Amino acid sequence: MDSTGLRVLPDAFTVAGQHGGRVHWTALQGPPARLIEITKLSERFRLHTNTAIALAASLTAPDLPAARGAV
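Predicted model only: the values in this text are computed from it and were never measured. As a convention, each chain's residues are numbered from 1 in the sequence order in which they are written. Given that the model is predicted, a residue must reach a pLDDT of at least 70 before its local features are reported, and side-chain atom pairs must reach 80 or more before they are shown or counted; all residues, however, enter totals for whole chains, interfaces and linings. In computing side-chain values, all of the structure's heavy atoms are included and hydrogens and water are not.

Visitor: I keep staring at the overall build of the chain and nothing clicks. Help me out?
Guide: Tallying secondary structure elements over the chain gives three helices and two strands in all. Every helix listed is a DSSP run of H or I at least four residues long, and every strand listed is a run of E at least two residues long, numbered separately from the N terminus. Along its sequence from the N terminus, the chain presents helices and strands in the succession α-β-α-β-α. The classification of residues rests on relative accessible area computed with a 1.4 Å probe and restricted to protein chains. Under 20% of the type maximum is buried, over 50% is exposed, and intermediate values are partly exposed. Expressed as a percentage of its 71 residues, the buried residues of the chain come to 23%. For the chain, long-range pairs separated by at least 24 residues make up 43% of all intrachain contacts whose partners lie at least 6 apart in sequence. Note on areas: these come from Shrake-Rupley sampling with a 1.4 Å probe, and a residue is covered only by the protein chains present in the view. Here the chain has roughly 4700 Å² of accessible surface; of this, 60% comes from carbon and sulfur atoms. The contact criterion used throughout is that any non-hydrogen atoms of two residues lie within 4.5 Å.

Visitor: Looking at this structure, how should I read the pattern of salt bridges?
Guide: If charged atoms from side chains of opposite charge come close, those side chains can pair. Here a salt bridge means any side-chain nitrogen of Lys or Arg lying within 4 Å of a carboxyl oxygen belonging to Asp or Glu. Tallied over the entire structure, the rule returns one salt bridge. Asp11 is the salt-bridge partner of Arg7, the closest N and O atoms lying 2.9 Å from each other. Taken together, the positions of Arg7 and Asp11, both in helix H1 (residues 3-18) and four residues apart, correspond to about one turn of that helix. Residue Asp11 is classed as partly exposed on the basis of its relative accessible area, which comes to 34%.

Visitor: Explain unusual backbone geometry here, please?
Guide: Generally, phi is negative for residues other than glycine and the peptide bonds are trans, each holding for most cases. The phi dihedral of Ala27 is positive, around 55°, even though this residue is not glycine. Within the secondary structure layout, Ala27 lies in the loop between strand E1 (24-26) and helix H2 (30-38). For Lys40, which is not glycine, the phi dihedral falls at a positive 65°. Tracing the backbone shows Lys40 in the loop between H2 and strand E2 (46-48).

Visitor: How should the packing of aromatic side chains be read in this particular structure?
Guide: Pairs of aromatic rings are described using the distance from one ring centre to the other and the angle between the two planes. Aromatic rings from Phe, Tyr and Trp, with only the six-membered ring used for Trp, were paired whenever their centres fell within 6.5 Å, and each pair was classed as stacked if the ring planes differed by under 30 degrees, edge-to-face if by over 60, and tilted otherwise. Under the defined criterion, the tally for this structure stands at two aromatic pairs. Aromatic pair Phe13 and Phe45: ring centres 5.8 Å apart, planes at 75°, arrangement edge-to-face. With Phe13 in helix H1 and Phe45 in the loop between H2 and E2, the pair connects residues that are 32 residues apart, well separated along the chain. Overall, the relative accessible area of 30% leaves Phe13 in the partly exposed class. Residue Phe45 is classed as buried on the basis of its relative accessible area, which comes to 1%. With 4.3 Å between their ring centres and 15° between their planes, Trp25 and Phe45 make a pair best called stacked. In this pair, Trp25 sits in strand E1 while Phe45 sits in the loop between H2 and E2, placing the two residues 20 residues apart along the sequence. Among the aromatic residues, ring-to-ring pairing joins Phe13, Trp25 and Phe45 into one connected group.

Visitor: Help me out: how do you make sense of the confidence of the model for the chain in this one?
Guide: Detailed reading of predicted coordinates is not advised where the pLDDT is low. One number per residue, pLDDT, summarises how confident the predictor is, and it ranges from 0 to 100. Summary statistics for the chain give a mean pLDDT of 81 and a share of 85% for residues scoring 70 or more. This model gives residues 64-71 a pLDDT under 50, and the stretch forms 19 contacts once residues within four places in sequence are excluded.

Set out below in structure tokens:
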């Protein structure tokens, strides 16, 4: 991922918030996971260990602070 792709991520967070939503990520691994941690974007998005957990979280508790799963 280059800087252009990285810049889109905070914009997604902002747009989702403006519409009452949140961005959930699931099963991040390897370099993308490390990049998200280094840039502290993990503090803005909900991270989940698998898709089932992400879907359940998005449907049941969209207002809770970011969930911390194994990334």
